[in-house]
Amino acid sequence: MNLKRREALRILGAGTLGLLSQGFVIPGKDNRHIITLSFDDGFKKSSIKTAEIYEKHGLSCCLNIIASAHLDQFQLPNEYHAWPVGDFEMWNDLKKRGHEIMPHSYKHTNLAEVPLEEAKYWTRKCIDVFNEELEGFAAQESVFSLPHNASTPELEEWLVTQFRIIRTHGGLYNPLPYKKLVRLGCGGFGPGNIDQHLVGSIDAFLEGPPGWFVYNTHGLDEEGWGPLSSGLLDELLDRLKATEGVEVLPVLPALNSVFPISKSLVVPD
Ligand SMILES: [Zn+2]
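Nothing here was measured: the structure is a model prediction, and the numbers come from that model.

Peer 1: Quick question: what am I supposed to make of the overall build of the chain here?
Peer 2: In terms of regular secondary structure, the chain is built from eight helices and nine strands. Buried positions account for 37% of the 269 residues belonging to the chain.

Encoded structure:
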(Lines give C-alpha, C1' and ligand atoms only; values in the text may rest on other atoms or scores of the structure.)
Protein backbone atom coordinates (compact mmCIF):
# COMPACT_ATOMS: atom_id res chain seq x y z
CA MET A 1 0.00 0.00 0.00
CA ASN A 2 1.49 3.32 -0.95
CA LEU A 3 1.52 6.34 1.31
CA LYS A 4 -1.27 8.11 -0.55
CA ARG A 5 -3.61 5.18 -0.07
CA ARG A 6 -2.73 4.92 3.61
CA GLU A 7 -3.42 8.62 4.03
CA ALA A 8 -6.71 8.26 2.19
CA LEU A 9 -7.78 5.49 4.56
CA ARG A 10 -6.90 7.64 7.53
CA ILE A 11 -8.84 10.58 6.19
CA LEU A 12 -11.88 8.40 5.66
CA GLY A 13 -11.90 7.94 9.43
CA ALA A 14 -13.17 5.35 11.81
CA GLY A 15 -16.82 5.65 10.94
CA THR A 16 -16.12 4.48 7.44
CA LEU A 17 -14.00 1.65 8.78
CA GLY A 18 -16.91 0.57 10.97
CA LEU A 19 -14.95 0.68 14.21
CA LEU A 20 -17.77 2.32 16.09
CA SER A 21 -20.66 0.63 14.39
CA GLN A 22 -21.31 -1.69 17.34
CA GLY A 23 -21.95 1.26 19.64
CA PHE A 24 -21.40 0.93 23.38
CA VAL A 25 -23.06 -0.95 26.16
CA ILE A 26 -25.15 1.56 28.07
CA PRO A 27 -24.24 1.49 31.78
CA GLY A 28 -26.99 1.72 34.41
CA LYS A 29 -27.83 4.99 36.12
CA ASP A 30 -25.46 4.50 39.08
CA ASN A 31 -22.80 2.93 36.92
CA ARG A 32 -20.27 5.74 36.83
CA HIS A 33 -17.55 5.31 34.21
CA ILE A 34 -14.97 8.09 33.91
CA ILE A 35 -12.85 8.21 30.76
CA THR A 36 -9.63 10.23 30.55
CA LEU A 37 -7.61 10.37 27.35
CA SER A 38 -4.26 11.74 28.45
CA PHE A 39 -2.37 13.25 25.48
CA ASP A 40 1.43 13.33 25.86
CA ASP A 41 4.32 15.16 24.23
CA GLY A 42 2.69 18.45 23.12
CA PHE A 43 2.83 18.28 19.34
CA LYS A 44 1.66 21.62 18.03
CA LYS A 45 -0.68 20.60 15.23
CA SER A 46 -2.14 17.67 17.17
CA SER A 47 -2.66 19.67 20.37
CA ILE A 48 -4.54 22.44 18.58
CA LYS A 49 -6.71 19.91 16.76
CA THR A 50 -7.33 17.87 19.91
CA ALA A 51 -8.44 20.99 21.80
CA GLU A 52 -10.73 22.02 18.92
CA ILE A 53 -12.37 18.60 18.77
CA TYR A 54 -12.95 18.56 22.55
CA GLU A 55 -14.32 22.12 22.42
CA LYS A 56 -16.72 21.11 19.65
CA HIS A 57 -18.22 18.65 22.14
CA GLY A 58 -18.11 21.08 25.08
CA LEU A 59 -15.30 19.11 26.75
CA SER A 60 -11.81 19.85 28.10
CA CYS A 61 -8.80 17.87 26.97
CA CYS A 62 -5.74 16.83 28.87
CA LEU A 63 -2.34 17.79 27.38
CA ASN A 64 0.97 16.79 28.96
CA ILE A 65 3.95 18.92 27.99
CA ILE A 66 7.70 18.34 27.94
CA ALA A 67 9.07 21.47 29.61
CA SER A 68 12.05 22.05 27.29
CA ALA A 69 10.74 20.58 24.02
CA HIS A 70 10.10 24.02 22.46
CA LEU A 71 13.71 25.16 23.00
CA ASP A 72 16.25 25.10 20.15
CA GLN A 73 18.71 22.94 22.10
CA PHE A 74 16.12 20.22 22.80
CA GLN A 75 17.38 16.81 21.71
CA LEU A 76 14.72 14.44 20.42
CA PRO A 77 14.42 11.48 22.83
CA ASN A 78 13.58 9.18 19.86
CA GLU A 79 12.01 9.21 16.39
CA TYR A 80 8.50 9.51 17.85
CA HIS A 81 9.12 13.13 18.80
CA ALA A 82 10.14 14.46 15.39
CA TRP A 83 7.23 16.92 14.95
CA PRO A 84 6.98 20.59 15.91
CA VAL A 85 5.73 21.18 19.45
CA GLY A 86 3.81 24.05 21.00
CA ASP A 87 5.36 26.75 23.18
CA PHE A 88 4.14 28.21 26.45
CA GLU A 89 2.28 31.01 24.73
CA MET A 90 0.16 28.32 23.14
CA TRP A 91 -0.12 26.31 26.39
CA ASN A 92 -1.27 29.40 28.28
CA ASP A 93 -3.85 30.11 25.61
CA LEU A 94 -5.17 26.54 25.70
CA LYS A 95 -5.26 26.61 29.51
CA LYS A 96 -7.34 29.82 29.40
CA ARG A 97 -9.71 28.01 27.07
CA GLY A 98 -10.29 25.44 29.82
CA HIS A 99 -7.92 22.63 28.90
CA GLU A 100 -5.70 20.78 31.36
CA ILE A 101 -2.02 21.58 30.68
CA MET A 102 0.28 19.45 32.81
CA PRO A 103 3.98 18.56 33.07
CA HIS A 104 5.41 15.51 31.30
CA SER A 105 9.04 15.90 32.51
CA TYR A 106 11.82 18.32 31.63
CA LYS A 107 13.31 16.53 28.60
CA HIS A 108 11.65 13.11 28.48
CA THR A 109 14.38 11.25 30.36
CA ASN A 110 13.30 7.79 31.47
CA LEU A 111 13.27 8.61 35.19
CA ALA A 112 13.28 4.94 36.21
CA GLU A 113 16.65 4.43 34.50
CA VAL A 114 18.61 7.20 36.20
CA PRO A 115 19.68 7.45 39.85
CA LEU A 116 16.96 8.75 42.17
CA GLU A 117 18.77 12.04 42.83
CA GLU A 118 19.07 12.70 39.09
CA ALA A 119 15.37 11.92 38.60
CA LYS A 120 14.57 14.47 41.32
CA TYR A 121 16.90 17.02 39.69
CA TRP A 122 15.17 16.81 36.29
CA THR A 123 11.76 16.87 37.91
CA ARG A 124 12.58 20.01 39.93
CA LYS A 125 13.85 21.62 36.73
CA CYS A 126 10.55 20.75 35.06
CA ILE A 127 8.61 22.29 37.96
CA ASP A 128 10.78 25.45 37.71
CA VAL A 129 9.93 25.89 34.02
CA PHE A 130 6.23 25.41 34.65
CA ASN A 131 6.31 27.87 37.57
CA GLU A 132 8.00 30.38 35.32
CA GLU A 133 6.02 29.84 32.12
CA LEU A 134 2.52 28.52 32.81
CA GLU A 135 0.09 30.97 34.39
CA GLY A 136 -1.53 29.72 37.58
CA PHE A 137 0.66 26.62 37.80
CA ALA A 138 1.11 24.96 41.20
CA ALA A 139 2.84 21.57 41.31
CA GLN A 140 0.87 20.57 44.42
CA GLU A 141 -2.32 20.91 42.40
CA SER A 142 -0.96 19.23 39.29
CA VAL A 143 -0.70 15.89 37.56
CA PHE A 144 2.77 14.60 36.65
CA SER A 145 2.69 12.14 33.75
CA LEU A 146 5.88 10.12 33.71
CA PRO A 147 7.82 9.80 30.45
CA HIS A 148 7.55 6.23 29.13
CA ASN A 149 5.16 5.67 32.06
CA ALA A 150 8.27 4.50 33.87
CA SER A 151 8.85 4.95 37.61
CA THR A 152 10.31 3.16 40.62
CA PRO A 153 8.62 2.85 44.04
CA GLU A 154 11.25 5.19 45.54
CA LEU A 155 10.69 7.82 42.86
CA GLU A 156 6.91 7.58 43.17
CA GLU A 157 7.17 8.03 46.93
CA TRP A 158 8.97 11.34 46.34
CA LEU A 159 6.87 12.49 43.37
CA VAL A 160 3.63 12.29 45.33
CA THR A 161 5.09 14.82 47.79
CA GLN A 162 5.64 17.22 44.88
CA PHE A 163 2.45 16.79 42.84
CA ARG A 164 -1.26 16.27 43.55
CA ILE A 165 -1.17 12.99 41.61
CA ILE A 166 1.10 11.05 39.24
CA ARG A 167 0.24 9.05 36.12
CA THR A 168 2.48 6.06 35.45
CA HIS A 169 2.40 2.34 34.53
CA GLY A 170 -0.23 0.08 36.03
CA GLY A 171 -3.03 -0.62 33.57
CA LEU A 172 -6.01 1.18 32.14
CA TYR A 173 -8.45 0.69 35.00
CA ASN A 174 -8.35 2.82 38.12
CA PRO A 175 -10.83 3.07 40.98
CA LEU A 176 -13.32 5.91 40.96
CA PRO A 177 -11.64 9.04 42.38
CA TYR A 178 -11.28 9.35 46.14
CA LYS A 179 -9.66 12.02 48.26
CA LYS A 180 -6.35 10.25 48.93
CA LEU A 181 -5.82 8.93 45.41
CA VAL A 182 -2.29 9.97 44.37
CA ARG A 183 -1.38 7.48 41.65
CA LEU A 184 -3.08 6.65 38.36
CA GLY A 185 -2.16 3.74 36.15
CA CYS A 186 -2.64 4.02 32.43
CA GLY A 187 -2.25 1.99 29.28
CA GLY A 188 -1.73 2.68 25.63
CA PHE A 189 -0.81 1.18 22.30
CA GLY A 190 1.84 1.83 19.66
CA PRO A 191 3.85 2.64 17.74
CA GLY A 192 1.15 2.32 15.02
CA ASN A 193 -2.37 3.75 14.94
CA ILE A 194 -4.37 3.15 18.13
CA ASP A 195 -7.95 3.46 16.84
CA GLN A 196 -8.97 -0.19 17.16
CA HIS A 197 -7.14 -0.73 20.44
CA LEU A 198 -8.69 2.36 22.01
CA VAL A 199 -12.23 1.59 20.92
CA GLY A 200 -11.91 -2.06 21.99
CA SER A 201 -10.50 -1.05 25.37
CA ILE A 202 -13.26 1.49 26.03
CA ASP A 203 -15.90 -1.00 24.97
CA ALA A 204 -14.54 -3.59 27.43
CA PHE A 205 -14.34 -0.97 30.19
CA LEU A 206 -17.96 0.09 29.72
CA GLU A 207 -19.11 -3.49 30.00
CA GLY A 208 -17.45 -3.78 33.41
CA PRO A 209 -17.96 -2.27 36.86
CA PRO A 210 -17.71 1.48 37.60
CA GLY A 211 -14.22 2.95 37.49
CA TRP A 212 -11.84 5.39 35.93
CA PHE A 213 -10.26 4.52 32.57
CA VAL A 214 -7.02 6.33 31.79
CA TYR A 215 -5.55 5.86 28.31
CA ASN A 216 -2.23 7.40 27.33
CA THR A 217 -2.75 8.99 23.92
CA HIS A 218 -0.14 11.02 22.01
CA GLY A 219 -0.59 12.82 18.68
CA LEU A 220 -3.37 12.78 16.11
CA ASP A 221 -3.36 11.30 12.61
CA GLU A 222 0.34 10.90 11.85
CA GLU A 223 2.08 12.60 14.77
CA GLY A 224 3.87 10.81 17.60
CA TRP A 225 3.99 7.30 19.01
CA GLY A 226 0.67 5.47 18.64
CA PRO A 227 -1.33 8.20 16.88
CA LEU A 228 -5.12 8.42 17.01
CA SER A 229 -7.22 9.37 13.97
CA SER A 230 -8.82 12.77 14.46
CA GLY A 231 -12.02 11.53 12.79
CA LEU A 232 -12.26 8.73 15.32
CA LEU A 233 -11.69 11.07 18.27
CA ASP A 234 -14.53 13.28 17.08
CA GLU A 235 -16.88 10.36 16.64
CA LEU A 236 -15.82 8.73 19.91
CA LEU A 237 -16.49 11.86 21.98
CA ASP A 238 -19.86 12.24 20.30
CA ARG A 239 -20.86 8.72 21.27
CA LEU A 240 -19.39 8.80 24.78
CA LYS A 241 -21.20 12.04 25.55
CA ALA A 242 -24.47 10.39 24.69
CA THR A 243 -23.77 7.29 26.79
CA GLU A 244 -25.47 7.29 30.19
CA GLY A 245 -23.11 7.08 33.16
CA VAL A 246 -20.04 8.07 31.14
CA GLU A 247 -18.04 11.19 31.92
CA VAL A 248 -15.14 12.29 29.71
CA LEU A 249 -12.89 14.32 32.01
CA PRO A 250 -9.32 15.54 32.43
CA VAL A 251 -7.61 14.28 35.60
CA LEU A 252 -8.20 17.16 38.03
CA PRO A 253 -11.91 17.69 37.32
CA ALA A 254 -12.33 13.94 37.83
CA LEU A 255 -10.43 14.07 41.14
CA ASN A 256 -12.42 17.10 42.23
CA SER A 257 -15.66 15.32 41.53
CA VAL A 258 -15.23 13.18 44.66
CA PHE A 259 -17.38 15.39 46.82
CA PRO A 260 -20.60 16.52 45.19
CA ILE A 261 -21.75 20.02 46.17
CA SER A 262 -23.89 19.64 49.25
CA LYS A 263 -27.47 20.79 48.94
CA SER A 264 -27.10 22.40 52.37
CA LEU A 265 -24.69 24.91 50.80
CA VAL A 266 -27.46 26.32 48.67
CA VAL A 267 -28.79 29.36 50.49
CA PRO A 268 -32.57 29.57 50.18
CA ASP A 269 -33.94 32.96 49.16
ZN1 LIG B 1 6.05 11.15 26.25
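Peer 1: Mind showing me how you'd approach unusual backbone geometry here?
Peer 2: Trans is the common state for peptide bonds, and a negative phi is the common state for residues other than glycine. Residue Gly190 is joined to Pro191 through a cis peptide bond whose omega torsion reads 5 degrees. With respect to the element layout, Pro191 can be found in the loop between β7 (183-185) and α6 (195-207). With phi around 70 degrees, His108 is a residue other than glycine that occupies positive phi space. Along the polypeptide, His108 turns up in the loop between β3 (100-103) and α4 (116-133). You can call His108 buried: it has 23 C-beta atoms within 10 Å.

Peer 1: Looking at this model, I keep getting lost on the sheet that holds strand β4 (residues 143-145). Mind explaining?
Peer 2: Strand order in this open sheet of three strands is β4-β5-β7, and the pairing throughout is parallel. Looking at which strands have only one partner, the edges of the open sheet turn out to be β4 and β7. On average, adjacent strands in this sheet sit at an angle of 20 degrees to one another, irrespective of strand direction. Inspection of the sheet shows β4 paired to strand β5 (residues 165-168) by three bridges, in the parallel sense. Paired with Phe144 across the strands is Ile166, a residue of β5. Where helix α5 (residues 153-162) meets the sheet, its contacts fall on β4, β5 and β7, and the angle it forms with β5 comes to roughly 140 degrees.

Peer 1: Could you clarify how one ought to interpret the pairing of β3 in this entry?
Peer 2: Along any regular strand the residues' side chains alternate between the sheet's two faces. Alternating residues of β3 divide into Glu100 and Met102 and Ile101 and Pro103, and every residue in both groups is buried. One crossover worth recording links strand β2 (residues 62-65) to the parallel β3 by way of helix α3 (residues 88-96), and it is right-handed.

Peer 1: Honestly, the nonpolar core in this entry has me stumped. Any pointers?
Peer 2: Where a protein is soluble and globular, its nonpolar side chains tend to be buried together. Ile35, Leu63, Phe213, Leu233 and Val251 are the most contacted members of the largest nonpolar core, which totals 56 residues. Leaving out residues up to four positions away in the same chain, Phe213 has contacts with His33, Ile34, Ile35, Thr36, Leu172, Tyr173, Ile202 and Phe205.

Peer 1: Help me out: how do you make sense of the environment of Phe88 in this one?
Peer 2: Considering the arrangement of structural elements, one finds Phe88 in helix α3. Residues Phe88 and Leu134 lie 46 residues apart in sequence; the distance between their C-alpha atoms is 6.6 Å. If sequence neighbours within four positions are ignored, Phe88 has contacts with Glu133 and Leu134.

Peer 1: So what exactly am I meant to see when it comes to the packing of α4 against α5 here?
Peer 2: For any two helices packed against each other, the geometry is given by the interaxial angle and the distance between the axes. Where α4 contacts α5, the axes come no closer than 10 Å and their chain directions differ by 25 degrees. Considering their axes alone, α4 and α5 lie roughly parallel with respect to each other. Remark: the crossing between α4 and α5 carries right-handed chirality. Two secondary-structure elements touch here, α4 through Leu116, Ala119, Lys120, Thr123 and Ile127 and α5 through Glu154, Leu155, Trp158, Leu159 and Gln162. Split by residue class, the contact of α4 with α5 holds six nonpolar, two polar and two charged.

What counts, and where the lines are drawn
- Residues numbered from 1 in each chain as written.
- Predicted model: local features only at pLDDT ≥ 70, side-chain atom pairs only at ≥ 80, totals over all residues.
- Helix = DSSP H or I, 4+ residues; strand = E, 2+ residues; numbered from the N terminus.
- Buried ≥ 20, exposed ≤ 12 C-beta atoms within 10 Å, placed from the backbone.
- Pairing = 2+ DSSP bridges.
- Axes fitted to C-alpha atoms, helices over the stretch in contact; angles between N-to-C directions.
- Contact = placed C-beta atoms within 7 Å.
- Right-handed = clockwise from strand over helix to strand, strands pointing away.
- Core = buried A, V, L, I, M, F, W, Y, C linked by C-beta atoms within 7 Å.
- Parallel < 35°, antiparallel > 145°, perpendicular 65-115°, else oblique.
- Left-handed = near helix turned anticlockwise from the far one by under 90°.
- Nonpolar A, V, L, I, M, F, W, Y, C, P; charged D, E, K, R; others polar.

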